[in-house]
Amino acid sequence: MVSGGPLPAKIAFVGLPGAGKSSIGRRLAGRLGLPFGDLDEAIEARLGCSVREYFERDGEPAFRDLEARTLVQLAASTELVLATGGGAVLRADNRTLLRDHFHVIYLRASPEDLMRRLRHDIKRPLLQVADPLERLRELHGQRDALYAKTAHSVVGTGRASLSRMVATIIETLERDAVPPAPGGPGLSAKG
Ligand code: S3P
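1. Things to note about helix α7 (residues 132–150)
Then, in step 1: For α7, with 19 residues, the first-to-last C-alpha span of 25 Å sits near the 27 Å given by 1.5 Å per residue.
Then, in step 2: A maximum bend of about 45° is found in α7 at Arg143.
Then, in step 3: Tucked inside the fold, the buried residues of α7 contact β2 (10–14), α4 (60–75), α5 (92–101), β5 (103–108) and α6 (111–118).

Next comes the structure, spelled out in C-alpha cells:
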C-alpha cells in the first residue's frame, strides 16, 4: 500500500533503450493521474516519420538537434511524466534542462537484461548491427555515468514486473523527491 506525501508533478526517465522508460513511465503516469509524454513519439509526430527513418536518412546530429528542441518544449509543461530517448543525456544542455525541470530517474539495467528485452527490436537505429549486445555494452560504458549524474534517483531494473517497478519508483520518489513549494504543483499517489 502506498501512503503518499506530495510527489513531484514532473518526472523524467533516462536510461538505455529497453530499460522500460516508456512502459514504466506510462504506467506511473496513470497511477499518479499525470499526463505522459514520450520524447521519441513527440519527435515522430513533428516529423511524420519514424525516428529510425529520420536517423538513417538525415543522420544522428540532425536527430539530436530535433531531440533537444523537442525536449525544451516538453520541459515547459507544468505536469508530465516523460520518457526520454536513450541518447537525450548526451548533450550537456539537455542534462541541465532535465535536472532543472524534472525529478529525473535513471532506470539502470545490465546490457544482458536489455538485450533479452530487445532481441526482436527493429525500431532502434543504433541496434541494427551484427552484434547488438556488444553495442549495448559500449553504450552502457559510454553513458552509465551520464545517466547517473543527470538523475536524482537511480532504480535498478532486472526481471521485476511492471507493477513492482512502479511501486518501487513511488517509494523512491517518496524518499528522494524534494517536496514541491507550497501552492506549487504536487500530488499524492493513489493507493
Ligand atoms: C537512442 C534511443 C532511442 C531513440 C533513438 C536514439 C539512443 O530511444 O531516441 O533511436 O541514442 O540510445 P529509446 O531509448 O526509447 O529506445
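That was the structure; now back to the text.
2. Observations regarding the pattern of salt bridges
Then, in step 1: The tally for this structure, following the rule as stated, stands at 14 salt bridges.
Then, in step 2: Here Glu41 and Arg26 are joined by a salt bridge, their closest N and O atoms 3.4 Å apart. Taken together, the residues span a long stretch of sequence, with Glu41 in helix α2 (residues 39–47) and Arg26 in helix α1 (residues 21–32) at a distance of 15 residues.
Then, in step 3: With a closest N to O distance of 2.8 Å, Arg108 and Asp144 form a salt bridge. Here Asp144 lies in helix α7 and Arg108 lies in strand β5, a separation of 36 residues in the sequence.
Then, in step 4: By relative accessible area, which is 36% here, Arg108 ends up partly exposed.
Then, in step 5: Residue class for Asp144 comes out buried when judged on its relative accessible area of 18%.
Then, in step 6: Within the structure, one salt-bridge network assembled from shared partners comprises Glu60, Arg64 and Glu67.

3. Examining the environment of Asn94
Then, in step 1: If you trace the backbone, Asn94 turns up in helix α5.
Then, in step 2: Distance in space between the C-alpha atoms of Asn94 and Val72 is 8.2 Å, their sequence separation being 22 residues.
Then, in step 3: Setting aside chain neighbours within four positions, we find Asn94 in contact with Ala68, Leu71 and Ala88.
Then, in step 4: Here Ala88 takes part through its backbone oxygen, which lies 3.0 Å from a polar atom of the side chain of Asn94.

4. Quick notes on the packing of aromatic side chains
Then, in step 1: Enumeration according to the criterion identifies two aromatic pairs in this entry.
Then, in step 2: On the numbers, 5.0 Å between centres and 35° between planes, the contact of Tyr106 with Tyr147 is tilted. Within this pair, whereas Tyr106 is found in strand β5, its partner Tyr147 is found in helix α7, the two being separated by 41 residues in sequence.
Then, in step 3: Of the residues examined, Tyr106 reaches a relative accessible area of 2% and is grouped as buried.

5. Points about the packing of helix α3 (residues 51–58) against α4
Then, in step 1: Running from N to C, α3 and α4 cross one another at 130°; their axes reach a closest spacing of 6 Å. Looking at the two axes, α3 sits oblique to α4. Contacts from Val51, Tyr54, Phe55 and Asp58 of α3 reach α4 at Glu60, Ala62, Phe63, Arg64 and Leu66.
Then, in step 2: Across the contact of α3 with α4, the residue classes break down as six nonpolar, no polar and three charged.

About the cut-offs
- Residues numbered from 1 in each chain as written.
- Predicted model: local features only at pLDDT ≥ 70, side-chain atom pairs only at ≥ 80, totals over all residues.
- Heavy atoms only, no water.
- Helix = DSSP H or I, 4+ residues; strand = E, 2+ residues; numbered from the N terminus.
- Expected span 1.5 Å × (residues − 1).
- Bend = angle between axes of the 7 residues up to and from the residue.
- Contact = heavy atoms within 4.5 Å.
- Salt bridge = Lys/Arg side-chain N within 4 Å of Asp/Glu carboxyl O.
- Buried < 20%, exposed > 50% of the residue type's maximum accessible area, 1.4 Å probe, protein only.
- Polar contact = N/O pair within 3.5 Å; in protein donor to acceptor, adjacent residues only side chain to side chain.
- Phe/Tyr/Trp six-rings, centres within 6.5 Å; stacked < 30°, edge-to-face > 60°.
- Axes fitted to C-alpha atoms, helices over the stretch in contact; angles between N-to-C directions.
- Parallel < 35°, antiparallel > 145°, perpendicular 65-115°, else oblique.
- Nonpolar A, V, L, I, M, F, W, Y, C, P; charged D, E, K, R; others polar.

Everything listed here is a matter of coordinates, which is why it stays silent on function.
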